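Each chain, letter by letter, is given below.
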Amino acid sequence: MISALKNILADSQILTGDQLNDRYTHIWKMDKGLQTKALLLPETTEQVAAILKICNEHKQPVILHGGLTNLVGATQSTSSQITMSLERMNHILEIDPSSRTITTEAGVILQQAIEQTAEQDLLFPLNFGAKGSAQIGGILATNAGGLRVIKYGMTRNLVLGLEVVLADGTILSNLKKVIKDNSGYDLKQLFIGSEGTLGVITKAVFRLVERPTSRVSAWIGVDSFEQVVALLKQLDKSFAGKLSGFELVWGDTFKTMTTPPAAMKAPISTDYKYYVLVEAMGNDAEADRTLLEDTLAQLLEKEGIEDAAIAHSEADLTWFWHIREDVRVLSAQANNDQHFDISLPVPVIEETLEAITKALNLLPEVEVVYRFSHLADGNVHLIIGKSNNSTELADQVNAIVYGPIQSLGGSVSAEHGIGIDKKSYLSLCRTPAEIEVMRRFKSVLDPNGILNPGRIFD
């Protein structure tokens, strides 16, 4: 098999042995080396197809790597598996201002796509903390969400076309730029969010929007969850479709994010129970800032909020959003950190999170619980620090966090996927019939089970 691979790839595209010493499975765990039979670095879709054809014939499992920012164990591998990274397929193929689309290869870094799109006076709406390392292929494979879902939706809402290589090497290429296409099944949606288990995404066409000329933000302090929900409704109403970000951070989490050793200072007092970071994007900077100031002034007068600080410059915007985006500050303060991203109906978020936190704090081994949320879409993140990293303790923590999910109609994974770590809990948010249909899709598109085996389900 390796001999066959050497016939289609250059020596520099097949890494084995000592060549793997500086490779790893996650950007936060660079001290843990990559275990794999070989790391393959294709440079074209045709090479990806040839690789998969050979691996499929030998029933060789293939683990896919993107930007290595996943939090569900999705990029773990063993010495009996081959790993394939599309990092060298990193070209933006076209930005078309007329159709307002961008066509990229799967290895393109999100930050690169955002910046080059902005040069054409357009906006690539996807935005999240890992944008400097996350790759387009991984973003698509996990249907990533992020900081602007409230206005632009999840990744799948922005995709117009995909090129995908199936397990047997078949290339499905549909890189259309049209928004409306009801000609048969919309196959691209099958691969978005499938975590690389059904096919390897190699190229994509995304919908862009006209770049807003104004962006206003504020950090807001409140002391009740009712105030948070009322604030969301009021701002969404006042900005009439311009509200693009509404991030909730619990008080103890905000204090950790804004006090040493964290690099960022707090723009307002750190004594409130909740903190909300809002963003609105429009086309009149002065009018939008005035609207935000007036709305917050009215809420202060009516005791709808406790305090607020508005960004008055690009430097302020960078400062405000760096506080929210740099969650590594929290991970650094959480020993043996365990991460969660769950979805809950907005009305039950406060009581559910309070109950979960109380139960976690009853475990002697739990040292800290950090909470933050993309509140408008019901997505809640937790980072839990523990005194040890035992499987038994991790299972106890999982049972507490995931316990209420099924009865509340929530999800164990809002935007990070299932991977390896969450597959035991998939049944809490998917019915047996749904899981069986997923298995059928897998068996049809990857009958030998070579693509990211063990992800989502066994």
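Note that the structure is a prediction, hence the values are computed from the model and not measured.

**Student:** Looking at this structure, I do not really get the pattern of salt bridges. What am I missing?
**Tutor:** Any two side chains of opposite charge can pair if their charged atoms end up close together. As enumerated under the stated definition, the model contains 23 salt bridges in all. With a closest N to O distance of 3.2 Å, Lys-176 and Asp-181 form a salt bridge. Taking the relative accessible area as the measure of exposure, Lys-176 reaches 39% and is therefore partly exposed. Between Lys-188 and Asp-186 there is a salt bridge, with its nearest N and O atoms 2.8 Å apart. A relative accessible area of 18% means that Lys-188 is categorised as buried. Overall, the relative accessible area of 39% leaves Asp-186 in the partly exposed class. Each of the salt bridges in this network shares a partner with another, and the network as a whole consists of Glu-94, Asp-96 and Lys-177.

**Student:** Honestly, the sheet that holds strand β14 (residues 274–282) in this entry has me stumped. Any pointers?
**Tutor:** Within a sheet, neighbouring strands are paired by backbone hydrogen bonds and run either parallel or antiparallel to one another. Strand order in the open sheet made by the seven strands is β15-β12-β14-β13-β17-β18-β16, with antiparallel pairing throughout. Bordering the open sheet on either side are β15 (307–310) and β16 (338–343), each of which pairs with just one other strand. Strand after strand, the sheet turns through a mean of 15° between neighbouring axes, direction not considered. Looking at chain direction, β16 and strand β18 (residues 379–386) are connected through six bridges and run antiparallel. Within the sheet, the bridge partner assigned to Ile-342 lies in β18 and is Val-380.

**Student:** What am I meant to see in the pairing of strand β5 (residues 92–96) here?
**Tutor:** One ladder, built from four bridges, connects β5 with strand β6 (residues 101–105); its direction is antiparallel. Considered in β6, the bridge of Ile-92 is made with Thr-104.

**Student:** What exactly am I supposed to notice about the packing of helix α7 (residues 225–239) against helix α9 (residues 285–301) here?
**Tutor:** In a packed pair of helices, the relevant descriptors are the angle between the two axes and the axis-to-axis distance. The geometry of α7 relative to α9 is characterised by a closest axis approach of 11 Å and an angle of 145° between their N-to-C directions. Here the hand of the crossing between α7 and α9 comes out right-handed. Mapping the contact onto sequence places Leu-231, Gln-234, Leu-235, Ser-238 and Phe-239 in α7 and Asp-288, Leu-291, Leu-292, Thr-295, Leu-296 and Leu-299 in α9.

**Student:** What am I meant to see in a nonpolar patch on the surface here?
**Tutor:** A cluster of nonpolar side chains, contributed by Leu-172, Tyr-185 and Leu-187, occupies part of the molecular surface with about 350 Å² of accessible area. For Leu-187, the position within the fold is in the loop between β9 (171–174) and α6 (188–191). Residue classification places Leu-187 among the partly exposed positions, given a relative accessible area of 45%.

**Student:** Looking at this structure, how should I read the side chain of His-339?
**Tutor:** Turning to its location among the elements, His-339 is positioned in strand β16. Residue His-339 is classed as buried on the basis of its relative accessible area, which comes to 17%. Only 3.5 Å separates the side chain of His-339 from the side chain of Ser-331, close enough to count as a polar contact. A polar atom in the side chain of His-339 sits 2.8 Å from the side chain of Asp-337. Apart from the residues lying within four places of it in its own chain, the contact partners of His-339 are Trp-28, Leu-71, Ser-331, Leu-382 and Ile-383.

The rules behind each value
Residues numbered from 1 in each chain as written. Predicted model: local features only at pLDDT ≥ 70, side-chain atom pairs only at ≥ 80, totals over all residues. Heavy atoms only, no water. Salt bridge = Lys/Arg side-chain N within 4 Å of Asp/Glu carboxyl O. Buried < 20%, exposed > 50% of the residue type's maximum accessible area, 1.4 Å probe, protein only. Pairing = 2+ DSSP bridges. Helix = DSSP H or I, 4+ residues; strand = E, 2+ residues; numbered from the N terminus. Axes fitted to C-alpha atoms, helices over the stretch in contact; angles between N-to-C directions. Left-handed = near helix turned anticlockwise from the far one by under 90°. Contact = heavy atoms within 4.5 Å. Patch = residues over 30% accessible without salt bridge, like charges linked within 9 Å, V, L, I, M, F, W, Y side chains within 5 Å. Areas by Shrake-Rupley, 256 points an atom, 1.4 Å probe, with all protein chains shown as cover. Polar contact = N/O pair within 3.5 Å; in protein donor to acceptor, adjacent residues only side chain to side chain.

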